[in-house]
Amino acid sequence: MVDVILGLQWGDEGKGKIVDYFAPHYDIIARFQGGPNAGHTLYVNNQKVVLHQIPSGIFHQNTINIIGNGVVLDPVTLKKECEKVASFGIDVKKNLFISERTNLIVPTHRALDKASEMQKGESKIGSTLKGIGPAYMDKTGRNALRVGDLLNKNFTTQYIKLRLKHQKLLDNFHFIEDITAWEEEFFEAIEFLRSFNIVNGEYFVNNKIAEGKKVLAEGAQGSMLDIDFGTFPFVTSSNTISAGVCTGLGVSPKQINDVLGVTKAYCTRVGGGPFPTELFDATGEELRKIGNEFGATTGRPRRCGWIDLVALKYACMINGVTKVVMTKADVLDSFDTLNVCTAYGINGENYNEVPYQMDKVAIEPVYKALAGWHTDSSILKDAASLPANMSNYIAFINQFIGAPVKYVSNGPGREQIISL
Ligand code: GDP
Ligand code: IMO
Ligand code: MG
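Residues numbered from 1 in each chain as written. Chains lettered and ligands numbered in written order. Predicted model: local features only at pLDDT ≥ 70, side-chain atom pairs only at ≥ 80, totals over all residues. Heavy atoms only, no water.

J.: Would you mind going over the pattern of salt bridges with me for this structure?
T.: Side chains that differ in sign of charge can pair as their charged atoms come close. Within this structure, the stated rule accounts for 15 salt bridges. Within the structure, one salt-bridge network assembled from shared partners comprises Asp 12, Lys 264, Glu 293, Arg 302 and Lys 328. (Salt bridge = Lys/Arg side-chain N within 4 Å of Asp/Glu carboxyl O.)

J.: Sorry, what's going on with the nonpolar core here?
T.: General note: in soluble globular proteins, nonpolar side chains tend to be found buried as a group. The biggest cluster of nonpolar side chains holds 55 residues, and the ones touching the most others in it are Leu 309, Leu 332, Tyr 393, Ile 397 and Ile 401. Considering each element in turn, this core owes the most residues, seven residues, to helix α12 (residues 388–401). Shared between two domains, this core holds at least three residues of each, these being domain 1 (2–100 + 199–260) and domain 3 (263–419). Core analysis: the next-biggest nonpolar cluster, separate from the first, contains 34 residues, Leu 104, Leu 193, Phe 196 and Ile 198 among them. (Core = buried A, V, L, I, M, F, W, Y, C linked by side-chain atoms within 4.5 Å. Buried < 20%, exposed > 50% of the residue type's maximum accessible area, 1.4 Å probe, protein only. Helix = DSSP H or I, 4+ residues; strand = E, 2+ residues; numbered from the N terminus. Domains from an automatic or database assignment.)

J.: Help me out: how do you make sense of the side chain of Ser 409 in this one?
T.: Residue position: Ser 409 is located in strand β19 (residues 405–409). A distance of 3.4 Å separates the side chain of Ser 409 from the backbone oxygen of Gly 411, its partner in a polar contact. For Ser 409, the contacting residues outside a window of four places in its chain are Lys 17, Ile 18, Met 326, Thr 327, Lys 328, Ala 329, Asp 330, Gln 416 and Ile 417. (Polar contact = N/O pair within 3.5 Å; in protein donor to acceptor, adjacent residues only side chain to side chain. Contact = heavy atoms within 4.5 Å.)

J.: Could you clarify how one ought to interpret the coordination of the magnesium ion (ligand 3) in this entry?
T.: A metal bound by six donors in octahedral fashion has ideal angles of 90 or 180 degrees, whereas one bound by four tetrahedral donors has an ideal angle of 109.5 degrees. Surrounding the magnesium ion (ligand 3) are the protein donor atoms Asp 12 (OD) and Gly 39 (O), which sit 2.0 to 2.2 Å from the metal. Linking Asp 12 in the loop between β1 (2–7) and α1 (15–22) with Gly 39 in the loop between β2 (28–31) and β3 (40–44), this pair joins segments that are 27 residues apart in sequence. (Donors = N, O, S within 2.8 Å, 3.2 Å for Na, K, Ca; no water.)

J.: Looking at this structure, I do not really get the site of ligand 2. What am I missing?
T.: Around ligand 2 sit 21 residues in total, of which Asp 12, Lys 15, His 40, Thr 128 and Thr 236 are the nearest. The backbone of Asp 12 places a nitrogen or oxygen atom 2.8 Å from an oxygen atom of ligand 2. For ligand 2, whose free accessible area comes to 550 Å², the fraction covered by protein is 97%. For the shell around ligand 2, the class distribution of residues is eight nonpolar, 10 polar and three charged. (Near = heavy atom within 4 Å. Areas by Shrake-Rupley, 256 points an atom, 1.4 Å probe, with all protein chains shown as cover. Nonpolar A, V, L, I, M, F, W, Y, C, P; charged D, E, K, R; others polar.)

J.: Any chance you could explain the side chain of His 109 here in plain terms?
T.: For His 109, the position within the fold is in helix α4 (residues 107–120). You can call His 109 buried: its relative accessible area is 0%. For His 109, the side chain forms a polar contact with the side chain of Asp 138, separated by 2.7 Å.

J.: Looking at this structure, I do not really get the domain arrangement of the chain. What am I missing?
T.: Interface size is commonly expressed as the accessible surface area that is lost when the partners come together. Annotation of the chain at the domain level lists domain 1 (2–100 + 199–260), domain 2 (103–193) and domain 3 (263–419). The C-alpha-based centres of domain 1 and domain 3 are spaced at 23 Å. Of the residues lining the interface, 36 residues belong to domain 1; the matching set on domain 3 comes to 40 residues. Together, the buried faces of domain 1 and domain 3 total about 3200 Å²; carbon and sulfur atoms form 59% of this surface. Here domain 1 and domain 3 share three salt bridges between them. Here Asp 12 makes a salt bridge to Arg 302, at a shortest N to O gap of 3.0 Å. Our count for the contact surface shared by domain 1 and domain 3 stands at 20 residue pairs in polar contact (both at pLDDT 80 or more). Secondary-structure elements contributing two or more residues to the side of domain 1 that touches domain 3 are α1, β3 and β11 (256–264). (Buried area = accessible area lost by both parts, 1.4 Å probe.)

J.: I keep staring at the packing of aromatic side chains and nothing clicks. Help me out?
T.: Where two aromatic rings form a pair, the distance of their centres and the angle of their planes describe that pair. Inspection of the entire model under this criterion finds 12 aromatic pairs. Between Tyr 159 and Phe 187, the ring centres sit 5.0 Å apart and the planes meet at 80 degrees, which makes this aromatic pair edge-to-face. Taken together, the positions of Tyr 159 in helix α6 (residues 155–172) and Phe 187 in helix α7 (residues 180–194) put the pair 28 residues apart, joining distant regions of the chain. Between Phe 192 and Phe 196, the ring centres sit 5.3 Å apart and the planes meet at 75 degrees, which makes this aromatic pair edge-to-face. Taken together, Tyr 21, Phe 22 and Tyr 407 form an aromatic cluster joined through their ring pairs. Across from the ring centre of Phe 204, 5.3 Å away, lies the NZ or CZ of Lys 208, which sits over that ring. (Phe/Tyr/Trp six-rings, centres within 6.5 Å; stacked < 30°, edge-to-face > 60°. Lys NZ or Arg CZ within 6 Å of the ring centre and 35° of its normal.)

J.: Mind showing me how you'd approach the site of ligand 1 here?
T.: Neighbouring ligand 1 are 19 residues, the closest being Gly 14, Lys 15, Thr 41, Asp 330 and Ser 409. Contact between ligand 1 and Lys 15: an oxygen atom at 2.7 Å from a main-chain N or O atom of the residue. Relative to its unbound accessible area of 590 Å², ligand 1 is 93% covered by the protein chains. Where the shell around ligand 1 is concerned, the elements lending two or more residues are α1 and β3. Of the residues in the shell around ligand 1, the class split is four nonpolar, eight polar and seven charged. Both domain 1 (2–100 + 199–260) and domain 3 (263–419) contribute no fewer than three residues apiece to the shell around ligand 1.

J.: What is the right way to look at the environment of Gln 53 in this model?
T.: Relative to the helices and strands, Gln 53 is located in the loop between β4 (47–51) and β5 (64–67). What makes Gln 53 buried here is its relative accessible area of 0%. In this structure the C-alpha to C-alpha distance between Gln 53 and Phe 186, which are 133 residues apart in sequence, comes to 15 Å. Gln 53 has contacts with Arg 31, Gly 35, Pro 36, Ile 67, Val 71, Val 72, Leu 73, Asp 74, Thr 77, Leu 78 and Glu 81, leaving out every residue within four places of it along the chain. From its side chain, Gln 53 meets the backbone oxygen of Val 72 in a polar contact 3.5 Å long.

Pasting the structure below:
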């Protein structure tokens, strides 16, 4: 049986904290897509940790963590992250497994990401520059190196072949930066990676399922960044939605049970691309300040706005969300009025569906104004203590999106979550 936790917006919904919270109820936590573009924040012994490659169950001693085949893995990031996690007294190698089919990010992928973004100029995606797009291109282009290849004697030859191919592309981009230092740390990290538990991921996971073990699949990014269903081309390069769990781990759709969708009580986006409810005024600034909305991977300020129920309903539909987790409710504590977007106004007409090319149409969000709750919600412990206006806010969202909000997160701490 596999449950899923994934983002319903444009990423950074607080998935890391939620996975960490639920991890004790599972035997295995599995990343199924994305790579070091992810930044999942957890608090361990009141200390902040941001995970990019390692699943967010790593701090639970009895939980197995697996990096699935659908992930793109940067060995350099992994090595640094393992050192960080080990500093908490965690035996990373004992509890972390990596699928042999996982694709590798090589230094030239990062260079190509940078070169491609530079060439796009004004219309750049705002990628995290971690090499995600080029690495997935090599996967679908059938050129990639995979973790299992590390065990081949001719790995270096394979690497050189790919590097030469990339060099031609970099020459076309007139990319002249010296990446020797990146390559040196890459090969050091490759040695480190060789000492890991490299497994046949699909058998590993399915055998555990057959033994009755419970698997939690941890999504990265968010549904509106999905390569097929997001705001293309301002998206990432993987399927971030629940369907990605099957291809990213090698499990059958029949195994998928609960899909927990995580949304902020408002909305943010980092990088370029359409964002209909974005606020450019003092309210947006206030959300950024109170919510501390700065990227966990790149440190960039996140764009902030009201919750977009049109996009949220769409995300629930394509993911088959069974339960919604609403995070950062506490960030809205001091606002008098909370706007929720219930339709998109396009050319004077109201639409309740996400358009094909959001970036090509002028969208005027239609808002329903709801009253704020003016309560310090961060100290609340149970559903009974929720202020009436917070309950109303949640009830309105439930009814609109047709999926129930079952948990409200009211602070970054592990214990700050209320079951409804
Ligand atoms: P992820 O990528 O979805 O895991 O989310 P990030 O870690 O990138 O960003 C979420 C940020 O919000 C992190 O700094 C978390 O510590 C913080 N956070 C998570 N849940 C809550 C919450 O309920 N309230 C507040 N105030 N912060 C939260
Ligand atoms: P988590 O897992 C927020 C965004 C980038 C950019 C676009 C493409 O922490 O929620 P990429 O590097 O994937 O080619 O960038 O996607 N992006 C994210 N935004 N959270 C993330 O991950 C993101 N991963 C990528 O900012 O707009
Ligand atoms: Mg993040």
